[in-house]
Amino acid sequence: MMRTRARGRYSPEHVSFGWIALFSGPALVLYTVLVIVPIFTAFVYGLFTWKGTTPDAFVGLGNYVELFTRYPVNEQLGSALWHNVLFFVGTMAIQNTIGLGLAVLLHRTRRGKRVFQTLYSTPYLLSPLIVGYLWAMLLSPTFGPINEALRAVGLDALALPWLGQPSTALPVLILINAWQWIGGPLLIFGAALGGIPAELEEAGQLDGASSWRLFWAVRFPMIMPAVGVITVLTFIGCFNIFDLVYALGGSNGGPSGSMDVLGLLYYRLAFDGGTNAIGDSSAMAVLMFILVFGVAIALERLLRRREA
Amino acid sequence: MSKFRKATLAAAALTVSTLVLAGCAPSAGPAGADGDDSTITVWGWRQEDAKTYDKIFTAFEDAHPGVTVEYVPYLNTEYDTILSTGLKDASGPDVAQLRSYGLLQPLVESGDLVALDDEVADLADFSPSVLDGARGVSDGAVYGVPFAIQTLHVIYNKAVFDELGIEEPTTWDEMISAFDEIKASGITPLVNTVTDTWMLPIEQEIFGAGTYGATPYLEKMLDGEASFTDAPWVDSVDAWTSTRAYWGDAYQGTSYEDAQALFTSGKAAAFPGGIWELANFRKANPDLELGIFNAPAPDGSGVPVPGYVDGSFGVSNASDNKDAALELVQWMATADFGQAFTDELAQISPVPGVTPSDPLLAEAVDAYAAEPSPYITYAYFSGGTPGAWDLASSSFSSLILDEIDAAAAAGKIQQGIDQWFTPRS
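Residues numbered from 1 in each chain as written. Chains lettered and ligands numbered in written order. Predicted model: local features only at pLDDT ≥ 70, side-chain atom pairs only at ≥ 80, totals over all residues. Heavy atoms only, no water.

Enquirer: Is there a simple way to think about the pattern of salt bridges in this case?
Expert: Pairing is possible between side chains that carry opposite charge, provided their charged atoms lie close to one another. By the definition in use, this model includes 15 salt bridges over all chains. With its nearest N and O atoms 2.8 Å apart, the salt bridge here joins Arg46 of chain B to Asp49 of chain B. Residue Asp49 of chain B is classed as buried on the basis of its relative accessible area of 9%. For Asp80 of chain B, the salt bridge goes to Arg99 of chain B, with nearest N and O atoms at 2.8 Å. One end of the pair, Asp80 of chain B, is in helix H3 (residues 76-86); the other, Arg99 of chain B, is in the loop between strand E3 (95-98) and helix H4 (105-109), and 19 residues separate them in sequence. The buried category is assigned to Arg99 of chain B, whose relative accessible area is 16%. Where salt bridges share partners, they join Glu66, Arg70 and Asp280 of chain A into one cluster. (Salt bridge = Lys/Arg side-chain N within 4 Å of Asp/Glu carboxyl O. Buried < 20%, exposed > 50% of the residue type's maximum accessible area, 1.4 Å probe, protein only. Helix = DSSP H or I, 4+ residues; strand = E, 2+ residues; numbered from the N terminus.)

Enquirer: Any chance you could explain the packing of aromatic side chains here in plain terms?
Expert: The geometry of two aromatic rings is summed up by the distance between their centres and the angle between their planes. Overall, the coordinates contain 53 aromatic pairs over all chains when judged by the stated rule. An angle of 45° between the planes, with centres 5.9 Å apart, marks the rings of Phe215 of chain A and Phe220 of chain A as tilted. Taking relative accessible area as the criterion, Phe215 of chain A reaches 11% and is therefore assigned buried. Between Tyr53 of chain B and Phe57 of chain B the ring centres are 5.9 Å apart and the planes differ by 25°, which places this aromatic pair in the stacked class. In this pair, Tyr53 of chain B and Phe57 of chain B both sit in helix H2 (residues 50-63), four residues apart, roughly one turn of the helix. Comparing Tyr53 of chain B with Phe57 of chain B, the two get one shared label, buried. Put simply, the rings of Trp45, Tyr53, Phe57, Phe60, Tyr71, Tyr79, Phe147, Phe313, Trp331, Phe337 and Phe341 of chain B pair up and form one aromatic cluster. Note that Arg99 of chain B overlies the ring of Trp45 of chain B, its terminal NZ or CZ placed 4.1 Å from the centroid. (Phe/Tyr/Trp six-rings, centres within 6.5 Å; stacked < 30°, edge-to-face > 60°. Lys NZ or Arg CZ within 6 Å of the ring centre and 35° of its normal.)

Enquirer: Would you mind going over a negative patch on the surface with me for this structure?
Expert: Residues and elements named next belong to chain B. Negative charge collects at one region of the surface, where Asp162, Glu163, Glu167, Glu168, Asp173, Glu174, Glu289, Glu363 and Asp366 lie side by side. Put simply, the parts of the chain that give the negative patch at least two residues each are helix H6 (158-163), helix H7 (172-184) and helix H15 (359-370). When its relative accessible area of 60% is taken as the criterion, Asp173 is described as exposed. (Patch = residues over 30% accessible without salt bridge, like charges linked within 9 Å, V, L, I, M, F, W, Y side chains within 5 Å. Areas by Shrake-Rupley, 256 points an atom, 1.4 Å probe, with all protein chains shown as cover. Lys, Arg positive; Asp, Glu negative; His and termini not counted. Charge placed at Lys NZ, Arg CZ, Asp CG, Glu CD.)

Enquirer: I keep staring at the nonpolar core and nothing clicks. Help me out?
Expert: Nonpolar side chains in soluble globular proteins tend to end up buried together. In this structure, Phe57, Phe207, Leu328, Val329, Phe381 and Phe396 of chain B are the most contacted members of the largest nonpolar core, which totals 134 residues. The contact partners of Val329 of chain B, leaving out residues within four places of it in the chain, are Val95, Leu116, Val120, Val145, Phe313 and Val315 of chain B. The next biggest cluster of nonpolar side chains, apart from the first, holds 42 residues, and it includes Leu67, Trp135, Ala283 and Leu299 of chain A. (Core = buried A, V, L, I, M, F, W, Y, C linked by side-chain atoms within 4.5 Å. Contact = heavy atoms within 4.5 Å.)

Enquirer: Mind showing me how you'd approach the confidence of the model for chain B here?
Expert: Low pLDDT means the predicted atomic positions in that stretch should not be read closely. All names here are of chain B. Taken residue by residue, chain B gives an average pLDDT of 89. The fraction at 70 or more is 91%. Note that residues 1-36 has pLDDT below 50 and, in this model, 30 contacts with residues that lie over four places away or in other chains. Here the predicted complex carries an ipTM of 0.77, next to a pTM of 0.82. (pLDDT = per-residue confidence, 0-100.)

Laid out in structure tokens, this is it:
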């Protein structure tokens, strides 16, 4: 009691409910109006069939059954989900691994650290739509400088319609996405590495650990919380992706639907969906919410347990 | 304790004011809405044409003293959403530009539009296939006065054809040997858009109409006596893909913009597409001399010209100025409006008796009038979900990339529409 009082009247244990309400109230209201209410609305909308903008009949889970039985949505649902999974796995493997590698390299350098951090994070400032159109132009098989450069050095066989063939479209998407967002893991891992007590690293070095050993035995376990945060954020980002894929491949998901993802499927249901577009797309939105929210919570739990 | 009270009260007050602010936002009226009865508000998606529409409407205003017609354009891509809400309310449009065929159906189903069959007498002179573009599928009533027709052609670069001494082909074989000659000269004969999949059904229609048999085959399909999976239609898809030899290197990656640029820069000799491209091409390269032709039927049976209705003008049921609005759409069905429309906007008017002043447009109109052919996937099998146009766009994408053959692509379209399509009785 004495101790907390000595710290001052704003110690966390003593802030009154009124003050908490005062400061969090406005944000809570906005959050409710802009997030909770739409989610709830989508859930209710999804229980009806619609005629344009007029609710027609209560169908319970009928719209959900439609999504899983009506051709071609039933097939697209599976392939879109699979592409989201591949996108997540690819992003974890490429963006976050390279991001971690760069963070470790920058952690050990003194000169130029800031410059490189800024450079790698610059694409953050661009809208994914702009990034998408930019890369679509760079990769254009007819005008694109990338293929022209490949031809100029004699690699004609590699001058491919990168975004035009199913085998390369998704990998290229993963690389472009990684190019844009690699600054995220770089900065978060960098901060986590900077937070490791120097004496731990020194103790390891004194014991003669190689830098490889030092990384796996000392640094990596210490940055596990950051790994957890990055994994969950990457998951949410990868399963909600829309703008970049739309810019690179249009609303049908690129060549033969090879980049189709849940976000695009939702877009098509909502905006090219016909008379019951609101019913179909609301059901789809609820499914996506349940998937992303559920897995994100599960991932959080799992990673927390491993940290402990 | 009193401190706690004060803070709670402050929080409550803030909460209430935020709620009020948030509640205000959606009810703010849309631009151009007003309750003045002498103003007819027309909503549309053509921002680039707003000034021209105002000019066209002057003639109506002059004939109706005291009446003002105001064209309020919205962003093309957001228009459908804005319109579906706007039609619910008297503060919305009196007259609205409506999409055609399948995209019109949600508005008809919501009961937001006035049926015009008994209101606009001049509609009786329009051809039935044109009125199909503004018809409700469920009740067969006409809900708009069609304002534009788009026709589909092979648009070509006259300079390239002249230089090689090539005439406009009159048979399929002449067309193929023309492409061969152009290819031998080092120019891409025919640049097709591939990655923007909405163009694929257009290309199939341009090169396939003569193979499946145009309108008579459509009639059979609507009666349930023919389908996408029958030989004529599957062959029409093969007829289109047989031209792939002329599409240029790495055509799998060609986007809509790429194709346009290749054509206007003279690197490609021909571009299969809609008549609306003329404006784009002339803007991109004013020196380009353009010509149009259509793919002749391989069996010599004719030269079908595919076309479809681009949109119509309808009257909102929620309008509090319905009489004036009806008078305006009645005027839109007359040659006065049609001629002004085609002259000012360089588009094809569906109003009977209107001739475009632009020679190429006039050529397109004559060709379409001589042998009209439907745009089947977009116009006639898009009234349900999934629509044939979406199905064709995605299955043709797989087809062009050699993942499936024409029969499988047709099978996917048929499988999709079989879920909702019932033949007319």
